[in-house]
Amino acid sequence: MTWTRNSLVMLASIGSIAAGGSALAHHSFAAIYDTERSVTLSGVVTNVEWLNPHAHFFVDVETDDGAVENWDFELASPNGLMRLGWRRDSLKPGDEVTVVGLRARDGSPRANTRSVTLADGTEMFSGDGQQGGLL
Amino acid sequence: MRRWACHRLIGALALAGVVLAVAEARAQWFYHQEPDIPRLADGSVDLDGPVPMLANGKPSLAGLWEHDDPLGYLFNIASDLQDDVPFQPWAREVFEQRMARRGADDPNNFCMPSGTVMKHAIPAPFKIVQDPNLLVLLYESRTIFRQIFTDARPFPEDPQPAWYGYSVGHWEEDTLVVESMGYNDRFWLDTQGRPSTEQLRVIERFSRPSFGRLEVEITVDDPGAYTAPWTVRQTMHYLPDTDLIEHICQEANRFPEQIGLEPAE
C-alpha cells in the first residue's frame with residue numbers, strides 16, 4: 001500500500017462528509033437498484049473501468065458453496081470521483097476489498113457502491129449510491 | 001516532488017481541521033489559485049464579499065457555481081411547493097405512468113439532455129462566462145452549453161424545437177431576467193417525470209446577492225402541460241480554485257443493458 005493511495009483514501013473519506021454532493025449522480029437509480037437491499041461483500045478486485053458516465057469495478061467473491069462469483073460494482077462518474085479525491089488507480093486488480101452497496105433489483109451480481117474498504121481498513125466513498133445513475 | 005506534495009498536504013490538513021480538510025480534498029486534483037477574488041484571512045473564499053461588476057455597471061454572474069442542495073429538486077422540481085405543480089389531466093397521467101416505472105424511460109438514462117429546468121438541479125458544477133452582450137452557461141454534466149443573448153435581440157420568429165430552446169436576457173435592476181422558448185417536448189423537468197410541451201416558456205431570474213451566492217428563480221409557463229405558470233427557487237454557491245471536468249455520457253453508458261430497455265422515443 002503506497003502512501004499516495006492511503007492519502008487518497010483519507011481524502012476521499014473526509015471529502016465525503018461534506019462534499020459528497022459534488023459526486024452525486026442522478027438518474028433512474030430506483031429503476032435498477034433496490035434501496036432496501038444493502039449488500040456487503042468481500043473479495044479481490046479483478047478489473048477497474050474508469051469510464052463515463054459511471055466508473056465500475058469488478059470483484060471476485062467466494063460464495064458459500066466455494067464457487068467464485070464476479071460482481072459488478074457501479075461507482076459515481078469519473079469527474080465526481082475525482083472531486084472526492086479518487087484517481088483511476090485508487091483501486092487496482094488484486095486489491096482485497098470489502099464493498100457496501102445497494103443490490104440490483106433483478107438479482108444479478110451487481111450493486112451500486114456506497115463505500116469501499118481496503119485491506120488496511122481505510123474507506124473510500126463513492127458519492128451517494130442511492131442517487132446512482134448518470135450525471 | 002510527490003513526497004513534498006504529500007507532506008505539504010498533511011500539514012495543511014493537520015492545521016486547518018476538518019472543514020478546511022474537506023476543501024483541500026476537493027481541490028487537490030484540479031487546484032489553481034484563483035486570483036482577484038475576495039478571501040478571508042484563512043484563504044477561503046469570502047462568500048459575503050462584494051459582487052464584481054460588468055463594464056455596463058451590471059453584476060457579473062461569472063464563475064464556477066454549484067447547487068446548494070440539488071437532489072430534492074432533481075427528483076421533484078416541486079419539492080418546495082405547497083402543492084404539486086398544476087398538471088393538465090393528460091400531463092398528470094403521463095407523470096404517474098413515469099413514476100410507476102421508477103423513471104426508467106427518462107431520456108437522461110440514454111444520455112439525452114436534461115433540458116433547461118432539470119439542468120439547474122444537476123449535482124455537478126456549471127460555469128458562467130459573461131460579457132455585456134452574451135452569457136454562456138457551461139455545464140460539467142454531459143459537457144453541455146447554453147447561450148443567453150443579452151444584446152436586446154428579439155426571439156426568432158419561427159424557432160425550431162430544441163432541447164435547450166432559445167434564450168434572451170435583459171436586466172431588471174440587478175436581476176438578469178432570461179426568457180427561453182423554442183423547446184422540444186422530449187425532456188423531463190425532473191427525474192420523476194414531470195412533462196412539458198413545445199408551448200413551454202421558461203423564465204429564469206438570476207441574481208447575485210453577494211460574491212459567493214447565486215439565486216435563480218425559475219418560472220415554468222407551459223399551458224400545454226399545466227393549468228397555470230408555477231415558480232421554484234434554487235440557490236448556488238461559488239466554487240473557487242477549481243474548474244470544470246469533462247463528462248462524456250456516451251462513452252460507456254450501461255443503463256440500457258442494466259435495465260433491459262431500448263432507448264425511449
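Residues numbered from 1 in each chain as written. Chains lettered and ligands numbered in written order. Predicted model: local features only at pLDDT ≥ 70, side-chain atom pairs only at ≥ 80, totals over all residues.

Draft legend 1. Region of interest: the overall build of chain B. Tallying secondary structure elements over chain B gives five helices and nine strands in all. Mapped in sequence order, the helices and strands of chain B form the string α-β-α-α-α-β-β-β-β-β-β-β-β-α. Residues counted as buried form 34% of the 265 residues belonging to chain B. Expressed as a percentage of contacts within chain B between residues at least 6 apart in sequence, the contacts between residues at least 24 apart total 60%. (Helix = DSSP H or I, 4+ residues; strand = E, 2+ residues; numbered from the N terminus. Buried ≥ 20, exposed ≤ 12 C-beta atoms within 10 Å, placed from the backbone. Contact = placed C-beta atoms within 7 Å.)

Draft legend 2. Geometry of the overall build of chain A. Counting secondary structure elements, chain A contains three helices and six strands. Taken from the N to the C terminus, the helices and strands of chain A come in the order α-α-β-β-β-α-β-β-β. With 135 residues in all, chain A has 50% of them scored as buried. Residue pairs in contact within chain A that sit at least 24 positions apart in sequence constitute 66% of those at least 6 positions apart.

Draft legend 3. Quick peek at the sheet that holds strand S9 (residues 230-238) of chain B. Residue and element names in this part refer to chain B. Spatial ordering of the closed barrel is given by S1-S2-S3-S4-S5-S6-S7-S8-S9, a layout of nine strands whose pairing is mixed. On average, adjacent strands in this sheet sit at an angle of 30° to one another, irrespective of strand direction. Direction of pairing for strand S7 (residues 201-210) relative to strand S8 (residues 213-221): antiparallel, over a ladder of eight bridges. Note that in S8 the partner of Arg-201 across the bridge is Asp-221. (Pairing = 2+ DSSP bridges. Axes fitted to C-alpha atoms, helices over the stretch in contact; angles between N-to-C directions.)

Draft legend 4. Main features of the nonpolar core. Counting residues in each nonpolar core, the largest one holds 27 residues, and the members touching the most others are Ile-32, Phe-57, Val-59, Phe-73, Leu-75 and Leu-81 of chain A. The element contributing the most residues to this core is helix H2 (residues 29-32) of chain A, with four residues. Judged by nonpolar contacts, the second largest core, of 22 residues, contains Ile-77, Phe-95, Leu-200 and Val-232 of chain B. (Core = buried A, V, L, I, M, F, W, Y, C linked by C-beta atoms within 7 Å.)

Draft legend 5. Layout of unusual backbone geometry. Put simply, Asn-52 of chain A and Pro-53 of chain A share a cis peptide bond, and its omega is -5°. Relative to the helices and strands, Pro-53 of chain A resides in the loop between strand S1 (33-49) and strand S2 (56-62). For Glu-173 of chain B, which is not a glycine, the phi torsion comes out positive at approximately 55°. Of note, Glu-173 of chain B is situated in the loop between strand S5 (166-172) and strand S6 (175-181). With 7 C-beta atoms counted inside 10 Å, the residue Glu-173 of chain B sits in the exposed group. At Asp-241 of chain B, a position not held by glycine, the phi torsion is positive, near 60°. Counting through the fold element by element, Asp-241 of chain B comes out in the loop between S9 and helix H5 (255-259).

Draft legend 6. Seen up close, the pairing of S6 of chain B. Residues and elements named next belong to chain B. Only one face of S6 is buried, namely the one carrying Leu-176, Val-178 and Ser-180, since none of Thr-175, Val-177, Glu-179 and Met-181 on the opposite face is buried. Across seven bridges, the pairing between S5 and S6 is antiparallel. Looking across to S6, one finds that Ser-167 is bridged to Ser-180. Once S5 ends, the chain turns through two residues before running back antiparallel as S6, passing Glu-173 with a positive phi of about 55°. Alignment of S6 against S7, held across five bridges, turns out to be antiparallel. Bridge pairing links Leu-176 to Phe-206 in S7.

Draft legend 7. Seen up close, the pairing of strand S1 (residues 63-67) of chain B. All names here are of chain B. Burial within S1 is extensive, with four of its five residues counted as buried. Where S1 lies against strand S2 (residues 126-131), three bridges are found, and the strand directions are antiparallel. Across the sheet, residue Trp-65 finds its bridge partner in S2, namely Phe-126. As judged from the three bridges shared by S1 and S9, these two strands associate in the antiparallel manner. The residue bridging Trp-65 from the neighbouring strand is Tyr-238, located in S9.

Draft legend 8. Focus on the confidence of the model for chain B. Per-residue confidence for chain B gives a mean pLDDT of 87; residues scoring 70 or more make up 87%. If you check the scores for this complex, the pTM reads 0.83 and the ipTM reads 0.80. (pLDDT = per-residue confidence, 0-100.)

Draft legend 9. A look at helix H3 (residues 89-100) of chain B. All names here are of chain B. Between its first and last C-alpha atoms H3 spans 17 Å; for twelve residues at 1.5 Å apiece the expected length is 16 Å, and the two agree. Those residues of H3 that sit buried are Ala-91, Phe-95 and Arg-98. The buried residues of H3 occupy an angular sector of 65° when the element is viewed end-on, so they sit on one face. In H3, the exposed positions angled more than 90 degrees off the buried face are occupied by Pro-89, Trp-90, Glu-93, Glu-96, Gln-97 and Ala-100. (Expected span 1.5 Å × (residues − 1). Arc of directions from axis to C-beta.)

Draft legend 10. Broad picture of the confidence of the model for chain A. Residue and element names in this part refer to chain A. Predicted confidence across chain A gives a mean pLDDT of 78, with 73% of residues reaching 70 or more. Long-range and interchain partners of residues 1-26, a stretch whose pLDDT sits below 50, account for 85 contacts in this model, where long-range means more than four residues apart. A low-confidence stretch, residues 129-135 (pLDDT under 50), is modelled with 42 contacts involving residues beyond four sequence positions or located in other chains.

Draft legend 11. Spotlight on the environment of Pro-50 of chain B. Residue and element names in this part refer to chain B. Positionally, Pro-50 belongs in the loop between helix H1 (2-27) and S1. Exposure remark for Pro-50: the 9 C-beta atoms within 10 Å place this residue in the exposed category. In this structure the C-alpha to C-alpha distance between Pro-50 and Phe-95, which are 45 residues apart in sequence, comes to 43 Å. Setting aside chain neighbours within four positions, we find Pro-50 in contact with Pro-38 and Phe-211.

Draft legend 12. Up close: the environment of Glu-93 of chain B. Structurally, Glu-93 of chain B can be placed in helix H3. When the 12 C-beta atoms within 10 Å are taken as the criterion, Glu-93 of chain B is described as exposed.

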